Amino acid sequence: MTIEATLWDQEERFWTQGADSARSMSAKTAVFVFPYPTGILSGDALWREADVAQRWRSVVMSEQVLSVEGNIAVLAYRVSAERGDIPLYEALCTSTYLKDDTKWLRLTHQQTPTS
């Protein structure tokens, strides 16, 4: 699998597989920025927050951009996501990954709602 395919697959799994999966693919010092009122999360707070802990039923990523420089990769994209009782969620997102030996770990994630 190419670096690009690996990273986009991993990014989709962050949305669809829940907090345990996300935790295993994230750096211990990861920082996530969610829309108000959630705000900035890091450390153990990341895994207690509903925005991270819940799985999304479907996720469509478009306008995907990937930039890789050495062991750092940045993904930027538009997302449309659905889960049970929440209307369609649309946002612009960025995630930064660091390659630690053979594994890519998410360092940051940010979401800006578009609607």
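Let me begin by describing the structure that accompanies this report.

Quick look at the pattern of salt bridges now. If you walk through the whole model with that rule in mind, you get 4 salt bridges. Measuring nitrogen to oxygen at the nearest pair gives 2.7 Å for the salt bridge that ties Glu11 to Arg106. With Glu11 in helix α1 (residues 3-16) and Arg106 in strand β6 (residues 103-113), the pair connects residues that are 95 residues apart, well separated along the chain. The same class applies to Glu11 and to Arg106, which are both buried. With a shortest N-O distance of 2.8 Å, Glu63 and Arg78 are connected by a salt bridge. In this pair, Glu63 sits in strand β3 (residues 58-69) while Arg78 sits in strand β4 (residues 72-83), placing the two residues 15 residues apart along the sequence. A relative accessible area of 53% places Glu63 in the exposed class. By relative accessible area, Arg78 is classed as partly exposed at 26%.

For the rest of this paragraph, the subject is α1. An α-helix turns once per 3.6 residues; consequently, residues spaced three or four apart project the same way. Taking 1.5 Å per residue as the helical rise, α1 with its 14 residues ought to reach 20 Å, and the 20 Å between its terminal C-alpha atoms agrees with that figure. Of the residues making up α1, those classed as buried are Leu7, Trp8, Gln10, Glu11, Phe14 and Trp15. For α1, the buried positions fall inside an angular range of 160 degrees around the axis, keeping them on one side. Among the structural elements, α2 (18-24), β1 (26-34), β3, β4, β5 (86-100) and β6 are those in contact with the buried residues of α1.

Thresholds applied
Residues numbered from 1 in each chain as written. Predicted model: local features only at pLDDT ≥ 70, side-chain atom pairs only at ≥ 80, totals over all residues. Heavy atoms only, no water. Salt bridge = Lys/Arg side-chain N within 4 Å of Asp/Glu carboxyl O. Helix = DSSP H or I, 4+ residues; strand = E, 2+ residues; numbered from the N terminus. Buried < 20%, exposed > 50% of the residue type's maximum accessible area, 1.4 Å probe, protein only. Expected span 1.5 Å × (residues − 1). Arc of directions from axis to C-beta. Contact = heavy atoms within 4.5 Å.

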